[in-house]
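What follows is the residue order along each chain.
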Amino acid sequence: MGRIRERLRRSHLYTFSCLKPQHAKGQNQVQGPGFSRTVFCNQPLLHKKSPFKYRSNAISTTKYNFFTFLPKALFEQFRRVANLYFLLAALLSLTPVSPFSPVSMIAPLVFVVGLSMAKEALEDWRRFLQDMKVNLRKVNVHVGDGVFNYKQWRQIVVGDVLKVEKDQFFPADLLLLSSSYEDGICYVETMNLDGETNLKTKRSLEATLPLDDDGTFKEFTGKIQCEDPNPNLYTFVGNLEYDRQVYPLDPNQILLRDSKLRNTAYVYGVVIFTGHDSKVMMNSTNSPSKRSRIEQKMDYIIYLLFTLLVVISLVSSIGFAVKTKNDMPDMWYLRPDDTEDMYDPDKSAVSGLIHLVTALILYGYLIPISLYVSIEVVKVLQATFINQDIAMYDEETGNTANARTSNLNEELGQVETILSDKTGTLTCNQMDFLKCSIAGTAYGTKSSEVELAAAKQMAEEQDEDLSNFPMHKDSKSSEIELQTVVTSNDRKTAIKGFSFEDTRLMDGNWVKEPNSDVLLMFFRVLAICQTAIPERNEESGSYTYEAESPDEGAFLVAAREFGFEFCKRTQSSVVIREKYTSGHPVEREFKIMNVLEFTSKRKRMSVIVQDEDGQILVLAKGADSIMFERLSKNGRMYEETTTRHLNDYGENGLRTLALCYKKLEEAEYSAWNTEFQKAKTSIGADRDAMLEKVADMLEREFILVGATAVEDKLQTGVPQCIDKLAQAGLKIWVLTGDKMETAINIGFACSLLRQGMKQIIISATSQDALAQDSKETFLLLASHQAVKENILNQITNGLQMVKLEKDPHAAFALIIDGKTLTYALEDDMKQHFLGLAVDCASVICCRVSPRQKALVTRLVKEGTNKTTLAIGDGANDVGMIQEADIGVGISGVEGMQAVMASDFSISQFRFLERLLVVHGHWCYKRIAQMICYFFYKNIAFGLTLFYFEAFTGFSGQAMYDDLYMLSFNVILTSLPVISLGVFEQDVSSDVCLQFPALYQQGSKNLFFDWYRILGWIGNGVYSSLIIFFLNIIIMYDQAFRKGGETADIAIMGSTMFTCIIWTVNGQIALIMSHFTWIQHVLVWGSIAMWYLFLLLYGMASPSYSGNSYKILVEVLAPTPIFWLSTLLVTCVCCLPYFVHISYQRCFNPMDHHIIQEIKYYRKDVEDEHMWTRERSKARQETKIGFTARVDAKIRQLRGRLHKKHSTLALAAHGTMSTS
């Protein structure tokens, strides 16, 4: 069977895209700048030296290499303002005036920077391993004398001749020379380039067809002159000089890197572009360095604190200079007549400058270096929890969620816009035949996924929304029906591509239907109107089909299940095994006369066949909008009912096609075929227009037989996920390489579009231009500027339409294609486009290239200044994944390119809901609260040093022991703050999913705005004042010990430090909403750790402990004033925050406060109505998703009821008037 397939001349199956006329000899398309590439075919040695030496075929997607890692990684680390400050402080610590040893300043900096750089290196190492996996793939390369050997991809050079076999990826951009089919046809899957699953056909030049086996390349040479490397996937201009002739080249002969050879045993090709010169790599972008918005805002807080640091250092140095000038002469015991510059009264200005350095280092605790270490630890632990979340585990693939970088955890909680790929991300790349309409009768009882999800949603909400209506009883019964539908569809589909259920058509029952002759024609159109190749499974005896598109494959599987099995294709015929037409299986042969294939412009396909009785038939399928206008008067019998069914199918997210036929007389066909062959063999630019015109003459006067409804299978849970994300207030854009019709269908399937939503379709091709048959005429009519003005007018009209809309429930959807997007993304127009897009409820961009995906993502990111998330699963999504603030890769069937470029990876789109609404919400609040608290505690601690300075004549003396200060951030307060960042939960994960509007707290940045940041800084200043001055008031001129001794610097410092430890740990206990035993141990254990530290430190030799020798046992512990002052100071410091949160919860509660109270009093269990009411209120008003669709249906139902009641009231009034 395989050999028969190879001998088919596949060009006989095609009309427009594959079969090209012979080009005029010697024609040269290549000239001018931008067309300097010269390729010597089968002579790779000529490309070893300049000027013909081009880039190698090895690729690299890493951020660093061996030479750039150190400088680039250091640059990344010192982009952080705090690190710059600590670098300066570390350098100053080398001077004699430093209050601390150099080691104590340099070691923490090296640790922090080294840890972060090690994490960066590990993440980049993973990218490097993935690159090597690609570079080490092997392919057959001609090594001379007609011999082919396997070489690694990275060893391939321009000019090499390759032999690529079935199901292999192309390692570089190739010129197709020949294939296993004798006319040079091959099939290519471009899923990694444009996301499309349907196969593309490529065809070699006639001149290179004889190069069809290894031996023919022994003497082969040629020269290619073509365009320079560029990112345009769909264009190519060049010439091949071969056998003393010049042949023009076009995209039909180019095989692009990362596309896959399908349905073809092998092809030969010569390498044109390698590595980063290939078109797919030209579409990729460099791995960016991403920083979260919170981290960027931290820089401004550091600036603020650094300003505060400089101010108090200046105050301290000025005070010291004044003190030195005025008081030093009287301090005879300091020997002012014999002193250094620092204490010389005659050089007070120099003294002040020297003291400034001391003060800058001493007050450095205002800017905590340990903050970055703590954040790194917290983020790594948060990422670990994301990775281990069992709710994001995919049983089918065995994959879990994977936080590939921990730098952006908190960004997950601030996303405003999601930009999603379609194929493989929202859908499964699987088409299922689900329903059909034949002779005006709808068949197929199984519900689509859209119907099921809508049924569930309506069943949940009908009680609450329709309970007050007279028809409530009927709605209850319909709810039962909906639930029955849902449960009856839970079983898995047994046959891939066929989910149809209806006993009226199955097992030959269709012959008993009233219009069995129409059904027979419907099934024959399904089985014959296609260009697939059947392959017999020797084990099962059934046939599988290698079709150009999944839709076509689903039609053939459906025809087989209905009893019309396509089992054989020859050069000029197809054979259908009909199971039920004659009472027993019979094979019928249909002669193929012509095939007019499907294109995005034609939106239809026709096959002219002759049956065994000699009757010539035209069998056609296409978009209903195209086919219905081509029906004859007597062919419209079922048009009205079929249209109604098509609308229902479209509303339920199904892809539809209309099926038609007509009979031809022999003479009529002969006359048409003469014209067709004349157009087919013509030479010139008008050839395609002539073919279209002749085809249009035939494709008229059809008879409608029915319509098909195919489900592009959504990934599990996609509609529910989109609905939840919409309720959380996120906007969703779909960027796909698929054609507009497909994208719109999926939009309906996902409820990004719905019936009643007003679609604004922006197109570069005006209706007038569409009417032109000649391409040249169109180009003359629509210059670049004219097209731009046309698009701008459409965008302006769209904006006016949105602004003038008065219905608050009206929703708009913007749909735009890649060609139009090229103009819309130009500098002078992109802001207009963005303005319209932002005002629309949903945006769908179709036929977009990978580069356009990245450009759209950049526009949204920079234009809205909001956090964007891009999600995709293929190599064509890498650009937008890297460009977005957060990139999410789906580890699906399209390889690992998207995953390797991503920041987070998941196995299914549905897990995005939990990643954002649960983990994003948690991580944002945890990091925000943690940072605010960190600044609070360091300000509370650091400012006490300044106050003491002022009290001691700005002497530079620290009131705390050096070891106290070193242990403050490292030991005594580090673990509670880490527990806050890792374990804090304002609400549980289930509540996050039930109340998606909580997510808006992150989008609106409620927990890290300047109001809250300054509030915490103010709280830190207040605490520092209370800790210092209240202790001074208590202990000043006051006996501290039993013997009447007053407190010295050691006692005062230890008491204040104890108050600080109690205050900051008490404060963090007030912040926490969710306590586990871990938090209790870490918070209260940190306080206990301080006393243990003080005990052990005091037991050390006086040469180590100094003034702290046995200070706890002998001095502090026996003294009641120590314990009383600790209690009083702690309570007074924590009182303002306690009052604030009490007032807020009582009089101005936030959403999570209300939920916490409901959960605490178990109202969610005891009062379900209240819980349901709060849930319905806790969602953002949205115009997309199933909830919006259900709300629209309920409004429609209410409108009908209101209209009905009004009519009844008017009728009753009229009756009363008459009587």
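Up top is the structure these notes are about.
A brief report on the enclosed structure follows. Quick caveat: nothing in here was measured; it's all calculated off a predicted structure.

**A few points about the overall build of the protein chain**
Assigned secondary structure in the protein chain consists of 42 helices and 33 strands. In the protein chain, 75% of the contacts between residues at least 6 apart in sequence involve partners at least 24 apart.

**Quick look at empty space enclosed by the protein**
Per the counting criterion, the structure on display carries three cavities of 30 Å³ or more. Of the pockets and cavities examined, the largest cavity occupies roughly 370 Å³. A per-element tally of the lining of the largest cavity places helix α4 (residues 102-135) first, with five residues. Of the residues that constitute the lining of the largest cavity, the class distribution is three nonpolar, eight polar and 12 charged. Estimated volume of the second largest cavity: approximately 80 Å³. Every residue along the wall of the second largest cavity is listed here: Arg-80, Ile-294, Glu-295, Met-298, Tyr-372, Ile-375, Glu-376, Lys-379, Asn-407, Glu-410, Ile-927 and Ile-931. Counting residues per element, the ones that place at least two in the lining of the second largest cavity are α7 (293-327), α9 (370-387) and α28 (911-951). When the residues that make up the lining of the second largest cavity are grouped by side-chain class, the tally is six nonpolar, one polar and five charged.

**So, the packing of aromatic side chains**
Considering all chains together, one arrives at 53 aromatic pairs under this definition. A ring pair is formed by Phe-433 and Phe-498, whose centres lie 6.3 Å apart and whose planes are at 15 degrees; its orientation type is stacked. Here Phe-433 is found in strand β16 (residues 427-438), whereas its partner Phe-498 is found in the loop between α11 (472-488) and α12 (516-528), with 65 residues between them in sequence. Judged by its relative accessible area of 6%, Phe-498 is buried.

**Regarding unusual backbone geometry**
The backbone of Ala-439 sits at a positive phi, close to 55 degrees, despite the residue not being glycine. A positive phi is found at Asp-507, a non-glycine position, where the angle reads about 55 degrees. Along the chain, the position of Asp-507 falls in the loop between α11 and α12. We classify Asp-507 as exposed; its relative accessible area is 62%.

**A closer look at the pattern of salt bridges**
All told, the structure shown has 38 salt bridges when counted by the stated rule. A salt bridge links Arg-604 to Glu-692, with the shortest nitrogen-to-oxygen separation between them at 3.0 Å. Taken as a pair, Arg-604 in strand β23 (residues 604-610) and Glu-692 in helix α17 (residues 687-698) lie far apart in primary sequence, 88 residues in all. Grouping residues by exposure puts Arg-604 and Glu-692 together as buried.

**Side note on the pairing of strand β13 (residues 266-273)**
Counting buried residues along β13, eight of its eight residues qualify, which places the element largely inside the surrounding structure. As paired elements, strand β4 (residues 161-165) and β13 share five bridges and run antiparallel to each other. Bridge pairing in β13 links Glu-165 to Tyr-266.

**With respect to the environment of Gly-889**
Along the chain, the position of Gly-889 falls in strand β32 (residues 886-890). Residues Gly-889 and Phe-904, spaced 15 residues apart in sequence, show a C-alpha to C-alpha distance of 6.4 Å. Apart from the residues within four sequence positions on either side, Gly-889 is in contact with Gly-872, Ile-881, Ala-898, Val-899, Ser-902, Phe-904, Ser-905 and Ile-906.

**Some thoughts on the pairing of strand β21 (residues 573-578)**
With five of its six residues buried, β21 lies for the most part within the structure. Bridge count for strand β20 (residues 564-569) against β21 is five bridges, and the pairing is antiparallel. The residue bridging Phe-564 from the neighbouring strand is Glu-578, located in β21. Where β21 and strand β22 (residues 586-596) come together, six bridges link them in antiparallel fashion. Looking at the pairing, Val-574 lines up with Phe-590 of β22.

Calculation notes
Residues numbered from 1 in each chain as written. Predicted model: local features only at pLDDT ≥ 70, side-chain atom pairs only at ≥ 80, totals over all residues. Heavy atoms only, no water. Helix = DSSP H or I, 4+ residues; strand = E, 2+ residues; numbered from the N terminus. Contact = heavy atoms within 4.5 Å. 1 Å grid on protein atoms, 1.4 Å probe; cavity = no way out; pocket = protein on both sides within 12 Å on 5 of 7 lines; lining within 4 Å. Points joined across faces, edges and corners; volume = space filled by probe spheres on them. Nonpolar A, V, L, I, M, F, W, Y, C, P; charged D, E, K, R; others polar. Phe/Tyr/Trp six-rings, centres within 6.5 Å; stacked < 30°, edge-to-face > 60°. Buried < 20%, exposed > 50% of the residue type's maximum accessible area, 1.4 Å probe, protein only. Salt bridge = Lys/Arg side-chain N within 4 Å of Asp/Glu carboxyl O. Pairing = 2+ DSSP bridges.

Purely spatial values, then, with no claim about function.
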